[in-house]
Amino acid sequence: MKRLSDRSPQWIFYLVTSFYLGTVFLRSILVYQETPELFPILGALLIWVVLFVLEPIITRKWSKYFLLYLVLQTVLIFTLLNMPGSPDFFASLFVILSMQIMLHLESRIWVVWIALCAIATTVLLLKEYGNQAFALGLLYTAGNVFYGFYAQATRRAQTIRAENLTLAGELQ
């Protein structure tokens with residue numbers, strides 16, 4: 001019988017992802033409900049979700065796909081951040097990518113990606129929020145860093161657990 005602790009890292013990743021996606025969809029509807037931007041935004045979010053769902057399947061068959069996926073998802077988020085109105089909440093989608101990067105790539109790639117996203121997010125938000133964009137950029141970057149390090153700690157714990165199970169098997 002599998003214990004909850006055996007599945008919790010993956011379960012937590014999908015729980016966090018569901019909350020972030022649900023919040024972004026809901027806020028999109030509430031903010032843009034009476035604007036012509038609503039359907040293009042919902043379309044872009046739907047594409048984002050489809051890419052997210054297909055990523056593990058395609059990456060298993062073609063390992064280099066993850067980099068293409070990362071670029072596509074990042075461009076979609078930047079496109080959403082460039083919408084008129086109050087688009088800052090789209091930056092929360094970077095949290096999901098931040099966790100995925102730490103699970104798939106080296107930490108130094110994650111650091112470069114975080115820095116580029118922080119700068120680009122702040123620049124894109126400047127037109128709508130003025131100087132507040134700097135605070136928003138820092139806020140979203142803090143979330144990316146926190147969840148990225150959580151994913152890294154989870155990956156390390158899973159690796160160590162697998163090594164311990166292998167050692168235990170050899171001792172028996």
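Our structure is the block above this text.
Residues numbered from 1 in each chain as written. Predicted model: local features only at pLDDT ≥ 70, side-chain atom pairs only at ≥ 80, totals over all residues. Heavy atoms only, no water.

## Details of the overall build of the protein chain
When helices and strands are tallied, the protein chain shows six helices and zero strands. Along the chain direction, N to C, the helices and strands of the protein chain fall in the order α-α-α-α-α-α. In terms of overall dimensions, the protein chain has C-alpha extents of about 65 × 30 × 30 Å along its principal axes. For the protein chain, buried positions account for 38% of its 172 residues. Put simply, 69% of the contacts in the protein chain that link residues at least 6 apart link residues at least 24 apart. As presented, the protein chain carries roughly 10200 Å² of accessible surface, and 69% of it is formed by carbon and sulfur atoms. Across the protein chain, the centroid of the 12 positively charged side chains sits 9 Å from that of the 9 negatively charged ones. (Helix = DSSP H or I, 4+ residues; strand = E, 2+ residues; numbered from the N terminus. Buried < 20%, exposed > 50% of the residue type's maximum accessible area, 1.4 Å probe, protein only. Contact = heavy atoms within 4.5 Å. Areas by Shrake-Rupley, 256 points an atom, 1.4 Å probe, with all protein chains shown as cover. Lys, Arg positive; Asp, Glu negative; His and termini not counted. Charge placed at Lys NZ, Arg CZ, Asp CG, Glu CD.)

## Points about the pattern of salt bridges
Applying the stated rule across the entire model yields one salt bridge. Put simply, E106 and R108 hold a salt bridge, and the shortest N to O gap is 2.9 Å. (Salt bridge = Lys/Arg side-chain N within 4 Å of Asp/Glu carboxyl O.)

## Points about the nonpolar core
Counting residues in hydrophobic clusters, the biggest one holds 44 residues, and the most contacted among them are L45, W48, F90, L93, F94, L97 and W113. Apart from residues lying up to four places away in sequence, F90 is in contact with V24, S28, Y32, I41, L45, I77, L80 and L81. (Core = buried A, V, L, I, M, F, W, Y, C linked by side-chain atoms within 4.5 Å.)

## A closer look at the packing of helix 4 (residues 93-104) against helix 6 (residues 132-171)
In contact at an axis separation of 8 Å, helix 4 and helix 6 are set at 30° when each is read in the N-to-C sense. The orientation of helix 4 with respect to helix 6, classified from their angle, is roughly parallel. In the crossing of helix 4 with helix 6, the sense of the turn from one axis to the other is right-handed. Every residue of helix 6 that contacts helix 4 at F94, V95, S98, M99, M102, L103 and H104 is listed here: G143, N144, Y147, G148, F149, A151, Q152 and R155. (Axes fitted to C-alpha atoms, helices over the stretch in contact; angles between N-to-C directions. Parallel < 35°, antiparallel > 145°, perpendicular 65-115°, else oblique. Left-handed = near helix turned anticlockwise from the far one by under 90°.)

## Side note on the packing of helix 4 against helix 5 (residues 107-129)
At a minimum axis separation of 9 Å, helix 4 and helix 5 run at an interaxial angle of 165°. Classified by the interaxial angle, the pair formed by helix 4 and helix 5 is roughly antiparallel. Along this stretch, helix 4 crosses helix 5, giving a crossing that reads as right-handed. Here helix 4 contributes F94, L97, S98, I101 and M102 to the contact with helix 5, which in turn contributes S107, W110, W113, I114, C117 and T121. When grouped by side-chain class, the residues that make up the contact of helix 4 with helix 5 number eight nonpolar, three polar and no charged. (Nonpolar A, V, L, I, M, F, W, Y, C, P; charged D, E, K, R; others polar.)

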